[in-house]
Structures are given as structure tokens and as C-alpha cells.
Amino acid sequence: MDLPPSQTRRPPSSRSSPPIFPNELMAEVLSLLSVISLIQMKCVSKFFNSLISDPTFMKMHLRRSARNSADRFYHSNDITLDQFVIISLDLGAERHVELMPPRGLEEVPLIEPTICVLTDSLCFCHDFKQTCLIIWQMKEFGVGESWTQL
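Predicted model, so just to flag it, every value in this text is computed and none were measured.

J.: Sorry, what's going on with the sheet that holds strand S5 (residues 132-138) here?
T.: Hydrogen bonds between backbone atoms are what pair the strands of a sheet, whose relative direction is either parallel or antiparallel. Pairing is antiparallel across the open sheet formed by 4 strands, whose spatial order is S3-S4-S5-S6. For this open sheet the edge positions go to strand S3 (114-118) and strand S6 (147-149), each flanked by a neighbour on one side alone. Strand after strand, the sheet turns through a mean of 30° between neighbouring axes, direction not considered. Across 5 bridges, the pairing between S3 and strand S4 (residues 121-128) is antiparallel. For Cys116, the partnering residue across the bridge sits in S4 and is Cys123.

So this is what it looks like as C-alpha cells:
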């Protein structure tokens, strides 16, 4: 009787070991996950914890998530300025910090703002009433009073 290939029997000595994926491939696959999923994956194994905590992996994930920013939903009508908050995730320490936007921000921007790092400082960029781009730089991370408009 012929069995389909997936069900063919092998002699005990010819059993193959599970496939081994190169670390680069694992990093590529994991970089597609959300930050929440990555934090959960750190608990799976020491290898995953080490890989996800690696600064090179974090940079790759950040670049990939920035490229996919169009997938995020942003509806300025659904939130007020009091509800607008920037969340900073520290994957290494497994914690997050909520930061308030610059005090000079007068209304929730119609177009989704951009968060980036510029000269080792957090930057917040937004389109002001579709007339000009405004860039804010947080000179001292975590200190709301250090936001400076460039």
C-alpha cells in the first residue's frame, strides 16, 4: 500500500531531527511581530530573550515598523488633547513610559504625527493645520519641560 509522502514510514535509524533555522531567519520572522508579541516571546526561551533584547534586532524592528506605519490607524476625531500620549517602550528593561506631547501642541493633529530620534533626542513632528511641519525635540528624555520647538 502506498502512503502519501507525509505518512511514509521511515526506519527508526533514519528519523530526522527537527529543522534548524538560521538566526538571521528567526530575526526576520520575529521582526514582523508587534512589540506586545515580542515581549511575550521573550518568555519562550533564553534564545528568544537574547535575540529580542539585542540592539541590532531592536533597530531592525524599529525600521520595519516605521516602514509599516501606514498600517496603523489614526483617527484624530476620536481623541482629545488630554488623551493624546506618547508611549515609549524599553524592551531591554521590559517597561514602558507614558510621555505627554509638547505643551505647545494646541490641538490633536489631523494627520498622524511622527515620532523619531534626532541627534540622540526624541522628536515629535506634526503637520500644523496642513500649512507647515512643526518639529519638537525633547532635550532631556522623560522631562516634559525639555520639549523645544525647532
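Still to come is the rest of the account.
J.: Would you explain the environment of Met26 in this entry?
T.: Structurally, the position occupied by Met26 is in helix H1 (residues 23-30). Spatially, the C-alpha atoms of Met26 and Leu51 are 8.8 Å apart, while their sequence positions differ by 25 residues.

J.: Help me out: how do you make sense of the pairing of S5 in this one?
T.: Judged from the 7 bridges that link them, S4 and S5 form a sheet pairing that is antiparallel. Its bridge partner lying in S5, Cys125 is registered against Ile135. Relative to S6, S5 runs antiparallel, the two sharing 3 bridges. Bridge pairing in S6 places Gln137 opposite Thr148.

Analysis parameters
- Residues numbered from 1 in each chain as written.
- Predicted model: local features only at pLDDT ≥ 70, side-chain atom pairs only at ≥ 80, totals over all residues.
- Heavy atoms only, no water.
- Pairing = 2+ DSSP bridges.
- Helix = DSSP H or I, 4+ residues; strand = E, 2+ residues; numbered from the N terminus.
- Axes fitted to C-alpha atoms, helices over the stretch in contact; angles between N-to-C directions.

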